[in-house]
Amino acid sequence: MKVKLLNVLVPVTCMALLCSCGNAAESAGNNDKEKNVKTNEPAVEIAVKDYLHMEVEGYDTVGKLKTYGIDTVKIAEDNKKAFKIPEDDTNDTALTAAVNCLNSYLEPKTDKYELLSNGDVVVFQFNANYNDIKSLYNVDINIENAELTVSGLNPLKEIDPFDYVECQFLHLPAELGENLINALVTDNTIGDSQIKCKIDKDVVKSGEKVTVEYYTISDQYTLEQLFAMQGYKPTRLSKEYIAE
């Protein structure tokens, strides 16, 4: 499953996008890494958790992560001085350089992206590259507690799946045996071709019990998960019938 990673970019009117993060920073006037590191001002701490965003879709217990990312534009705009962005930066050159740099070094991944439930905590993970930002700007990137809680997934509707099943008993000719009945079950109409039903006996006698149960042919998802993907929570998965 592909999940969109959204790092926010700003329009670029110069060659900054074609340069590396370091060159973009240089175009904004940050051409001396040592000078940035040796600044007398304390580094501005930026908590990544304050700029995270994600969007989920689907049903509770089987939700999916649709998009996620970091609002790097807002990080730069909230910390203009640290990123050497003049207040009158009318052509957005310095802002573009800062955002491109953040996008280059802050590339999050998530610890989970599917089979999500409301209340799940999604943790954003980063490699060590984010530490390189401090060599270009007077900032200290804090990735602690970079997580978001899942909410807004659609609730499941409880159903008895056997409302969608018909168990039939057909009396066989007497010459085949006394009181023999052919038991069969119709296909269900739950909506997923991987959800099936089966009956444990094909031929029974009158008064004998048969069991019908749901099963799945999927090797990726459980039966309950497949029901949930249709928006359902089954109240039971098997049922007994009496042949008559």
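The structure contained in this document is the topic of the report that follows. Since this is a predicted model, take the numbers as computed values, not measurements.

**Looking at the sheet that holds strand E5 (residues 109-110)**
Item 1. Taken together, three strands build an open sheet; the order of strands is E5-E7-E9 and the sheet is antiparallel. Unpaired on one side and paired on the other, E5 and strand E9 (147-149) mark the two borders of the sheet.
Item 2. Here three bridges tie strand E7 (residues 121-125) to E9, and the two strands are oriented antiparallel to one another. Paired with Val 121 across the two strands is Thr 149, which belongs to E9.

**Observations concerning the nonpolar core**
Item 1. Phe 83, Leu 106 and Tyr 137 are the most contacted members of the largest nonpolar core, which totals 36 residues.
Item 2. It is helix H4 (residues 93-105) that provides the largest number of residues to this core, a total of seven residues.

**Some words on the packing of aromatic side chains**
In this description, an aromatic ring pair is defined by two values, namely the gap between the centres and the angle between the planes.
Item 1. Applying the stated criterion across every chain, the model contains four aromatic pairs.
Item 2. A centroid spacing of 5.2 Å and a plane angle of 70 degrees characterise the contact between Phe 162 and Tyr 214, whose relative ring orientation is edge-to-face. Placement of the pair is Phe 162 in the loop between strand E10 (157-159) and strand E11 (167-171) and Tyr 214 in strand E15 (residues 209-216), with a sequence separation of 52 residues.
Item 3. Overall, Phe 162 belongs to the buried group, its relative accessible area being 5%.
Item 4. The interplanar angle of 70 degrees and the centroid separation of 5.5 Å between the aromatic rings of Tyr 214 and Phe 227 together place this pair among those described as edge-to-face. In this pair, Tyr 214 sits in strand E15 while Phe 227 sits in helix H5 (residues 223-229), placing the two residues 13 residues apart along the sequence.
Item 5. The buried category is assigned to Tyr 214, whose relative accessible area is 4%.
Item 6. According to the relative accessible area criterion, Phe 227 is buried, its value standing at 0%.
Item 7. Counting every residue linked through ring pairs, the aromatic cluster contains Phe 162, Tyr 214 and Phe 227.
Item 8. A cation over a ring is seen here: Lys 198 above Tyr 215, with NZ or CZ 5.1 Å from the ring centre.

**As for H4**
Item 1. Compared with an ideal rise of 1.5 Å per residue, which puts 13 residues at 18 Å, H4 spans 19 Å between its outermost C-alpha atoms and is within 8% of the ideal.
Item 2. With 11 of its 13 residues buried, H4 lies for the most part within the structure.
Item 3. Taken as a whole, H4 has its buried residues at Thr 93, Ala 94, Leu 95, Thr 96, Ala 97, Ala 98, Val 99, Asn 100, Cys 101, Leu 102 and Asn 103.

**Examining the pattern of salt bridges**
Item 1. The final tally for this structure, using the stated rule, is nine salt bridges.
Item 2. Between Lys 81 and Glu 41 there is a salt bridge, and its shortest N-O distance comes to 3.5 Å. Of this pair, Lys 81 sits in the loop between helix H3 (72-78) and H4 while Glu 41 sits in the loop between helix H2 (33-37) and strand E2 (44-47), placing them 40 residues apart in sequence.
Item 3. Of the charged contacts in the structure, one is a salt bridge between Glu 240 and Lys 209, with a shortest N-O distance of 3.7 Å. Here Glu 240, found in strand E17 (residues 238-242), pairs with Lys 209, found in strand E15; they are 31 residues apart in sequence, far enough to count as distant.

So, how was this worked out
- Residues numbered from 1 in each chain as written.
- Predicted model: local features only at pLDDT ≥ 70, side-chain atom pairs only at ≥ 80, totals over all residues.
- Heavy atoms only, no water.
- Pairing = 2+ DSSP bridges.
- Helix = DSSP H or I, 4+ residues; strand = E, 2+ residues; numbered from the N terminus.
- Core = buried A, V, L, I, M, F, W, Y, C linked by side-chain atoms within 4.5 Å.
- Buried < 20%, exposed > 50% of the residue type's maximum accessible area, 1.4 Å probe, protein only.
- Phe/Tyr/Trp six-rings, centres within 6.5 Å; stacked < 30°, edge-to-face > 60°.
- Lys NZ or Arg CZ within 6 Å of the ring centre and 35° of its normal.
- Expected span 1.5 Å × (residues − 1).
- Salt bridge = Lys/Arg side-chain N within 4 Å of Asp/Glu carboxyl O.

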